[in-house]
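Okay, here's what each chain looks like letter by letter:
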Amino acid sequence: MATRQARRVANKEGNLYSVKTGFKTIFTHPQLAATTLQAVQLVSPILIASNVLANLHVLRCLETEGNVSKLDQTFFSNCMYAVTHSTGRSAVQFDRAKNVKLTESLDIYMQQLPQDHQPLERPTYIKDVSPTRIGPTCYDQFAALTGHLYI
């Protein structure tokens, strides 16, 4: 109780505290923990590649035009679509015709990659991450924890 009280007083003064906890403390269900780690390993390279493309695009826009178009969720989603490949009935692919300026940045980005580079694969749904290792109970717990159903 004293620690909580001290944090409240410190927060009013403008000092902020960080409460640290471990991965195993939050993810106590083994299947959910394994799935989460697998998803992080899958998504991390995608985020890095899409952020590199986004930074390249912003720098190009500033150098050539002096301004940058709106950097919203659609822009960052398009960056992720551009650096990945997805399969499946509902797979969304990058539309080069709709995103001409980003396509120019993508072409420059792709020229910097090794010749044998393969586009990163992006699963269409969360259930595609590891369908053989996750049971329905794990999906239910994931949905309950996040408040979303991704099936």
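Structure: see above.
I will try to describe carefully the structure that is included in this document. (Residues numbered from 1 in each chain as written. Predicted model: local features only at pLDDT ≥ 70, side-chain atom pairs only at ≥ 80, totals over all residues. Heavy atoms only, no water.)

**Overview of the pattern of salt bridges**
Taken as a whole and judged by the stated rule, the model has three salt bridges. Here Glu104 makes a salt bridge to Arg60, at a shortest N to O gap of 3.3 Å. With Glu104 in helix H5 (residues 100-111) and Arg60 in helix H3 (residues 30-64), this residue pair connects regions lying 44 residues apart in the sequence. In this structure, the salt-bridge partner of Glu65 is Lys101, at a minimum N-O distance of 3.3 Å. Remark: Lys101 occurs in helix H5 and Glu65 occurs in the loop between H3 and helix H4 (73-83); sequence separation between them is 36 residues. Of the residues examined, Lys101 reaches a relative accessible area of 47% and is grouped as partly exposed. (Salt bridge = Lys/Arg side-chain N within 4 Å of Asp/Glu carboxyl O. Helix = DSSP H or I, 4+ residues; strand = E, 2+ residues; numbered from the N terminus. Buried < 20%, exposed > 50% of the residue type's maximum accessible area, 1.4 Å probe, protein only.)

**Observations regarding H4**
By the burial criterion, the buried members of H4 are Phe75, Asn78, Cys79, Ala82 and Val83. The buried residues of H4 occupy an angular sector of 125° when the element is viewed end-on, so they sit on one face. For H4, the exposed residues lying more than 90 degrees away from the buried face are Gln73 and Thr74. Elements in contact with the buried residues of H4: H3, strand E1 (84-85), H5 and strand E2 (120-121). (Arc of directions from axis to C-beta. Contact = heavy atoms within 4.5 Å.)

**Brief notes about a nonpolar patch on the surface**
Residues Leu59, Leu62, Val68, Leu71 and Phe76 make up a contiguous nonpolar surface patch of about 400 Å² in total accessible area. Within the secondary structure, Leu71 sits in the loop between H3 and H4. For Leu71, a relative accessible area of 42% gives the class partly exposed. (Patch = residues over 30% accessible without salt bridge, like charges linked within 9 Å, V, L, I, M, F, W, Y side chains within 5 Å. Areas by Shrake-Rupley, 256 points an atom, 1.4 Å probe, with all protein chains shown as cover.)

**Considering the packing of H4 against H5**
One way to put it is that H4 packs onto H5 with a least axis distance of 11 Å and a crossing angle of 40°. When the interaxial angle is binned, H4 and H5 end up oblique. Between H4 and H5 lies a crossing whose hand is right-handed. Packed against H4, whose contacting residues are Phe75, Asn78, Cys79, Ala82 and Val83, the element H5 presents Leu102, Leu106 and Tyr109 at the interface. Of the residues contributing to the contact of H4 with H5, the split by class is seven nonpolar, one polar and no charged. (Axes fitted to C-alpha atoms, helices over the stretch in contact; angles between N-to-C directions. Parallel < 35°, antiparallel > 145°, perpendicular 65-115°, else oblique. Left-handed = near helix turned anticlockwise from the far one by under 90°. Nonpolar A, V, L, I, M, F, W, Y, C, P; charged D, E, K, R; others polar.)

**Details of the side chain of Arg60**
When its relative accessible area of 18% is taken as the criterion, Arg60 is described as buried. Apart from residues lying up to four places away in sequence, Arg60 is in contact with Glu65, Lys101, Glu104, Ser105 and Ile108.

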